[in-house]
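Here is how the chains run, residue by residue.
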Amino acid sequence: MSLSELNLSLFNDINAPANANEWLVNFAIFIANDTLYLMILVFAYFWLRGSNAVKQQIMKAFIFTSVAIILAEVISYFFYHPRPFVMHVGRTLIEHAPNASFPSTHMLIFSSIAFAYCFSPQRQLGVALMFLAWAVAWSRVYLGVHFPIDMIGAFFLAFIINAFGLGLWNKYQNIIMQWILQLHQMLFKAWINKGYIK
């Protein structure tokens, strides 16, 4: 069996069947669409209320994820792969633009953040975030907007960026955080003085 055949076979196994349970479909839609916004809100809260150590870990995850997204855009431009609904494959249960399918941006964001925490003292949080990343991966294949290979590609891209970027981060993190915290202090000085944020 070729890689393309395996990818299609796995997609057909995961993608929602015609008689899919309505509760499961709604759950998948929530995971696929809403968890990203919830995670942004959670990280924004911990950035504003967390210690400098918390901010440092959030900034590390943000930088690595940004690099991953840029590389993903380059990959999808030069190695375009259509989405399942463009190929008239499976069932599509949410709307999506017919842009490149590989690698999955959603999976890349979640797995990049998860690896950023896995490669840190907060490994337990990283493991929990990795479970969330794979839940997002399942949901987007289940709903018909991605193939399994899109998720696997995103997962390995996130791993490579975190693994190879860790040395650079450890070398320059103090310089980066000094500049970022100075900017943070300048932007939120009034609120910091009132104790609303840290």
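Scroll up a little and you will see the structure.
Side note on unusual backbone geometry
Step number 1: Here phenylalanine 102 and proline 103 are connected by a cis peptide whose omega angle stands at -10°.
Step number 2: Relative to the elements of secondary structure, proline 103 occurs in the loop between helix H4 (52–78) and helix H5 (105–118).
Step number 3: Despite not being glycine, histidine 88 shows a phi value in the positive range, around 60°.
Step number 4: One can find histidine 88 in the loop between H4 and H5.

Description of the environment of histidine 106
Step number 1: Tracing the chain through its elements places histidine 106 in helix H5.
Step number 2: Sequence spacing of histidine 106 and isoleucine 69 is 37 residues, and the spatial spacing of their C-alpha atoms is 9.6 Å.
Step number 3: If sequence neighbours within four positions are ignored, histidine 106 has contacts with Ala32, Leu36, Val136 and Arg140.

Section: the packing of H4 against H5
Step number 1: At a closest axis distance of 9 Å, the pairing of H4 and H5 adopts a crossing angle of 140°. Classified by the angle their axes make, H4 and H5 are oblique. Both H4 and H5 take part in a crossing whose hand is right-handed. Where H4 approaches H5, its residues Gln57, Ile58, Lys60, Ala61, Thr65, Ala68, Ile69 and Ala72 are matched on the opposing element by Leu108, Ile109, Ser112, Ile113, Ala116 and Tyr117.
Step number 2: Its residues assigned to classes, the contact of H4 with H5 comprises ten nonpolar, three polar and one charged.

Thresholds, definitions, all that
- Residues numbered from 1 in each chain as written.
- Predicted model: local features only at pLDDT ≥ 70, side-chain atom pairs only at ≥ 80, totals over all residues.
- Heavy atoms only, no water.
- Helix = DSSP H or I, 4+ residues; strand = E, 2+ residues; numbered from the N terminus.
- Contact = heavy atoms within 4.5 Å.
- Axes fitted to C-alpha atoms, helices over the stretch in contact; angles between N-to-C directions.
- Parallel < 35°, antiparallel > 145°, perpendicular 65-115°, else oblique.
- Left-handed = near helix turned anticlockwise from the far one by under 90°.
- Nonpolar A, V, L, I, M, F, W, Y, C, P; charged D, E, K, R; others polar.

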